[in-house]
Amino acid sequence: MHSKLPEVIYTPDSQLRHPLQLLKHMWRDLIASRELAWRLFVRNISAMYRQTMLGYVWAFLPPLFTTFTFVFLNSQNIFSVGKTDIPYPAYVMIGTLLWQVFVDAMNSPLRVVNQSKSFLAKINFPREALILAGIGEVLFNFSIRLVLLVAVFIFYNVSLPVAAFLAPLGILSLMALGLMIGVLLVPLGVLYQDIEKGLPLITGMWMLLTPVVYPPPSSWPASLLSSINPVSPLLVTTREMLTGGSFSQMNGFMIVVTGTLILLFVGWVLYRLALPHLIERISA
Amino acid sequence: MNDDVLVTADNVSKKFCRDLKNSLWYGVSDIVGEMACRNGNRLELRTNEFWAVKDVSFELRRGECLGLIGPNGAGKSTLLRLLNGLIKPDIGTISVRGRVGALIALGAGFNPILTGRENIYVNGSVLGLSKHEIDRKLDEIIAFAEISDFIDAPVQTYSSGMQVRLGFAIAVQMEPDVLLIDEVLAVGDAGFRGKCYNAIYDLNKNCAVIFVSHTMQHVSRLCTFLMVLDRGKESFYGTNIPRGIEKYMELFDREQGLVIEPGASKITNIALSAPRTGDHYEIHYGDALSIQFDAHIEQTHPSIEISIGIANQSLELVAQCNSGPVTNIPWKGKAKRIDLSIEKLHITPGKYYLSIIMRDCNTNTMLSWHHLTTKLTVRGHFYSPAPIAYEGAWNIISVEQ
């Protein structure tokens, strides 16, 4: 009976030397982490707003404020974006919500790992659970904000095009891109706080350099914003799925999605391999 | 035969780094090396690195308990973390079979805002219990922690003792094959500690336990094997627990002692009636001991009290001999030779320190205090968690039914 016990062997060798075994373990841990991920997710969201008076309103406030700001600036012609397919407030609202998904997903891995440092360093559990719980939180926050989007669509009487059923795919791709960048940043971000300090700076600027609150520019060199920036094709295409109109950046979309999926896998492997080293450094 | 070996450590070594900047950078380069499939640079120490654990090997079977003792920073917790798979060895191999439980970070993942009940589910999941298992054991957990009145209150309102109780109650519900324990038993009140012990005893019947502790009482009660670590190296490994504990105690033989003589009065020429090796006297358990010293008293003191105390390695007083007020002697003037005889010394084998104090009984001022200045080793063939071991007369006869 005892010989059937699963055996784990720890050696100094790189796990990449046994790629098949590594894949098997990744799959096993992913499966094993689902329940814990769910628990952590429930814990996080039930604790998130418990000590607040406004509660879930906090989920609405950031996109609402951003939208108001740009609608105001636009209406005063301080910041002019020209003509959009749908009323500008709805346009900005969609853009901000989609951008927020990307940013949330990007911040999530480093945030959850840093929050869980103390018990990462002491307890062995499937590490994938942390990331999964983080994704859950991002999705949860997004679905709360979806209420805003629906309200805006109804208010401005914008009708959903047929292509809107593709929108979840677009949203997932934005999440995947954010997650991929976030996961790749974990090793460096846990060791050096520069990453965590720098991220808000960069995302603030990045948002303005992405066609979030304005349509993608078509004239060179401003068009570089959409051709170099990987968020742009995803965001623009997803918005087009929701508002109708032709898919102007479909090629870019496909390239970015493919690249994201590959790098996401690389990030996962990196995350697994890096964690023992990170734990060694953060709690020595 | 080999089937029952649950934990094997084979020449395990681990380096750590003293300097933060270096350490972080080594972290980056180790990760890059790992991604590049390289294993290089593992054998040599880089700048500011040292061996936190060096060449440790052992095997542990079901039902056995390995005690890890050693001074702070000896590598005990590092070894536990290696065994738990949290960090990778730099050299050597560790293999662990079956479910690993850890009584280490009790209450890990507790969210202070959530209630005790909610946290049981979170913490249980972190430890690898399924929802089904937790459902089944929920009442048992709450009963064990003895906090049923507060179970629906947020954990941040708990006292630290209550949090630990709850954490232990959850952790102890695991049915592990290998159980790692890191000094968690130092917390909680006496009643709860006893309960924890019994729980660990029960678990140990069906699993291999690795137990880090600073309390020799616990070590001698639980462990079947003992490993003494000193600066990462095994300085003792075996089943002779008393010998191991002695070895551990020897590591602290650096106590200097302290002499406080506020006035001109002095104690000199302290000597024991026992052979002396190095800086400590050696005596056999149950032998007679006499302690001699000279007292020089410079002022008139009508009544002086002398007391001699014996403290163990943890510097806890285990025995004392008190003269009571001594009034019939003209203390001032010539030095007095003082001799104290103890017919049979019944303190448990181990290392001890002697302290001598002279006080003026009327004013309660201290004249001379030689605190822990004399070292005494009591030899014997047993170890007892109790400081005093009587040599009683045993009489055993059959009783007719």
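Residues numbered from 1 in each chain as written. Chains lettered and ligands numbered in written order. Predicted model: local features only at pLDDT ≥ 70, side-chain atom pairs only at ≥ 80, totals over all residues.

> Quick rundown of the overall build of chain B? Include the residues and the values.
A tally of helices and strands in chain B yields eight helices and 19 strands. Relative to the globule expectation of 21 Å for 401 residues, the C-alpha radius of gyration of chain B, 27 Å, shows a markedly less compact shape. Projecting the C-alpha coordinates of chain B onto the three principal axes gives extents of approximately 80 × 65 × 55 Å. Across the 401 residues of chain B, 40% fall into the buried class. (Helix = DSSP H or I, 4+ residues; strand = E, 2+ residues; numbered from the N terminus. Rg over C-alpha atoms; globule rule 2.2 N^0.38 Å. Buried ≥ 20, exposed ≤ 12 C-beta atoms within 10 Å, placed from the backbone.)

> Tell me about the overall build of chain A, and please be specific about residues and values.
Along its length, chain A carries ten helices and one strand. Counting helices and strands in the order they occur from the N terminus, chain A gives β-α-α-α-α-α-α-α-α-α-α. The C-alpha radius of gyration computed for chain A amounts to 21 Å, which stays within 12% of the reference 19 Å derived for 284 residues, consistent with globular compactness. Referenced to the eigenvectors of the C-alpha coordinate spread, the extents of chain A come out at roughly 70 × 45 × 40 Å. Taking all 284 residues of chain A together, the buried fraction comes to 40%.

> Give me the environment of Arg 231 of chain B: which residues, what numbers.
The residue Arg 231 of chain B is located in the loop between β8 (225-230) and β9 (233-238) in this model. A sequence separation of 155 residues divides Arg 231 of chain B from Lys 76 of chain B, and the C-alpha atoms of the two residues are 9.5 Å apart.

> Help me get a handle on helix α6 (residues 190-204) of chain B, residues and values and all.
Residues and elements named next belong to chain B. Compared with an ideal rise of 1.5 Å per residue, which puts 15 residues at 21 Å, α6 spans 21 Å between its outermost C-alpha atoms and is within 8% of the ideal. Looking at α6, one finds that the buried residues are Phe 192, Cys 196, Ile 200 and Asn 204. Down the axis of α6, the smallest arc covering the buried residues is 115°, so these residues share one side. Every exposed residue of α6 that faces more than 90 degrees away from the buried side is listed here: Ala 190, Gly 191, Gly 194, Asn 198 and Asp 202. Lining the buried residues of α6 we find β3 (65-69), α5 (160-171), β6 (178-182), β7 (208-212) and α7 (216-222). (Expected span 1.5 Å × (residues − 1). Arc of directions from axis to C-beta. Contact = placed C-beta atoms within 7 Å.)

> I'd like to hear about the sheet that holds strand β14 (residues 289-296) of chain B, residue by residue, with values.
Residue and element names in this part refer to chain B. Ordered in space as β11-β14-β17, the three strands form an open sheet in which the pairing is antiparallel. Only two strands of the sheet have a single partner each, and these edge strands are β11 (266-272) and β17 (336-342). Neighbour to neighbour, the strand axes of the sheet diverge by 20° on average, direction disregarded. The pairing of β11 with β14 spans five bridges and is antiparallel. (Pairing = 2+ DSSP bridges. Axes fitted to C-alpha atoms, helices over the stretch in contact; angles between N-to-C directions.)

> Let's hear about the nonpolar core: which residues, and what values?
Core analysis: the largest hydrophobic core is formed by 146 residues, its most contacted members being Val 101 and Phe 102 of chain A together with Leu 180, Ile 210 and Phe 211 of chain B. Of the residues forming this core, the biggest block, 16 residues, is contributed by helix α3 (residues 88-115) of chain A. Those residues within four positions of Phe 102 of chain A in sequence are excluded, and the remaining contacts are Leu 174, Leu 177, Gly 178 and Val 231 of chain A. In terms of nonpolar packing, the next biggest core, distinct from the first, is built from 23 residues, Ile 267, Tyr 281, Ile 347 and Leu 354 of chain B among them. (Core = buried A, V, L, I, M, F, W, Y, C linked by C-beta atoms within 7 Å.)

> Report on the pairing of β3 of chain B, specifying residues and quantitative values.
The buried fraction of β3 of chain B amounts to five of the five residues, a majority that puts the element mostly inside the structure. Across the two faces of β3 of chain B the burial is the same, with Cys 65, Gly 67 and Ile 69 of chain B and Leu 66 and Leu 68 of chain B all buried.

> Lay out the domain arrangement of chain B in plain terms, naming residues and giving numbers.
Per the domain assignment, the segments of chain B are domain 1 (2-250) and domain 2 (258-379). Distance from the C-alpha centre of domain 1 of chain B to the C-alpha centre of domain 2 of chain B: 43 Å. (Domains from an automatic or database assignment.)

> Got a sec to walk through the interface of chain B and chain A? Specific residues and values, please.
If you look at the interface, chain B gives 48 residues, while chain A gives 42 residues. Elements with a contribution of two residues or more to the side of chain B that touches chain A: α1 (20-35), β4 (91-97), β5 (100-103) and α3 (116-126) of chain B. A total of eight residues in the side of chain B that touches chain A trace back to one element, the largest contributor, which is α1 of chain B. Considering only residue class, the side of chain B that touches chain A consists of 24 nonpolar, 13 polar and eleven charged. Of the pairings in the sheet, the one linking strand β1 (residues 7-10) of chain A to β4 of chain B comprises four bridges and is antiparallel in character. Bridge pairing in β4 of chain B places Val 8 of chain A opposite Val 96 of chain B. (Nonpolar A, V, L, I, M, F, W, Y, C, P; charged D, E, K, R; others polar.)

> Give me the confidence of the model for chain A: which residues, what numbers.
Per-residue confidence for chain A averages 89 on the pLDDT scale, and 98% of its residues sit at or above 70. Put simply, helix α8 (residues 224-228) of chain A is where chain A has its lowest mean pLDDT, 79, and helix α6 (residues 167-191) of chain A is where it has its highest, 95. (pLDDT = per-residue confidence, 0-100.)

> Please provide a residue-by-residue account of the packing of α3 of chain A against α6 of chain A, values included.
Residues and elements named next belong to chain A. Between α3 and α6, the least distance of the axes is 7 Å, while the angle of their chain directions is 30°. It follows that α3 is roughly parallel to α6 by the angle criterion. Relative to α6, α3 is oriented so that their crossing is right-handed. Class assignment for the residues of the contact of α3 with α6 results in 19 nonpolar, six polar and one charged. (Parallel < 35°, antiparallel > 145°, perpendicular 65-115°, else oblique. Left-handed = near helix turned anticlockwise from the far one by under 90°.)

> Explain the packing of α3 of chain B against α5 of chain B to me, using residue names and the numbers behind them.
All names here are of chain B. Two numbers describe how α3 lies on α5: the axes approach to 10 Å, and their chain directions differ by 45°. Relative to α5, α3 is oriented oblique. Seen along the crossing, α3 lies across α5 with a hand that is right-handed. Contact with α3, carried on its side by Gly 116, Ile 120, Asn 123 and Gly 124, involves Leu 166, Gly 167 and Ile 170 of α5 and no other residues of that element. Each residue belonging to the contact of α3 with α5 can be placed in one class, and the counts come to three nonpolar, four polar and no charged.

> Could you give an account of the confidence of the model for chain B, with specific residues and numbers?
Of the residues in chain B, 97% have a pLDDT of 70 or more, and the chain-wide mean is 88. Scored as a whole, the predicted complex attains pTM 0.82, and scored at its interfaces, ipTM 0.85.

> Account for α3 of chain A, with residues named and values stated.
Residues and elements named next belong to chain A. In a regular helix each residue adds 1.5 Å, so 28 residues correspond to 40 Å; α3 covers 38 Å between its end C-alpha atoms and thus fits that length. Along its length, α3 reaches its greatest deviation from straightness, about 35°, at Ser 108, and the proline Pro 109 lies no more than four positions downstream. Counting buried residues in α3 gives 23 out of 28 residues, a clear majority hidden from the surface. (Bend = angle between axes of the 7 residues up to and from the residue.)

> So, unusual backbone geometry: which residues are in play, and what are the values?
Residue and element names in this part refer to chain B. Positive phi outside glycine occurs at Asn 11, with the angle close to 50°. Position of Asn 11 among the secondary structure elements: in strand β1 (residues 5-17). Despite not being glycine, Glu 146 shows a phi value in the positive range, around 55°. When the 15 C-beta atoms within 10 Å are taken as the criterion, Glu 146 is described as partly exposed.

> Tell me about the environment of Leu 149 of chain A, and name the residues and values.
All names here are of chain A. One can find Leu 149 in helix α5 (residues 128-155). You can call Leu 149 partly exposed: it has 19 C-beta atoms within 10 Å. Once the C-alpha coordinates of Leu 149 and Thr 243 are considered, the two residues, 94 residues apart in sequence, prove to be 12 Å apart. Sequence-distant contacts of Leu 149, defined by excluding residues within four places in its chain, comprise Met 93, Ile 94 and Leu 97.

> Before we move on, can you summarise the environment of Cys 207 of chain B with the specific residues and values?
All names here are of chain B. Tracing the backbone through its elements, the reader meets Cys 207 in the loop between α6 and β7. Each C-alpha atom of the pair Cys 207 and Cys 65 lies 8.6 Å from the other, and the pair is 142 residues apart in sequence. In this structure Cys 207 touches Arg 62, Pro 176, Asp 177, Val 178 and Leu 179, once residues within four positions along its chain are discounted.

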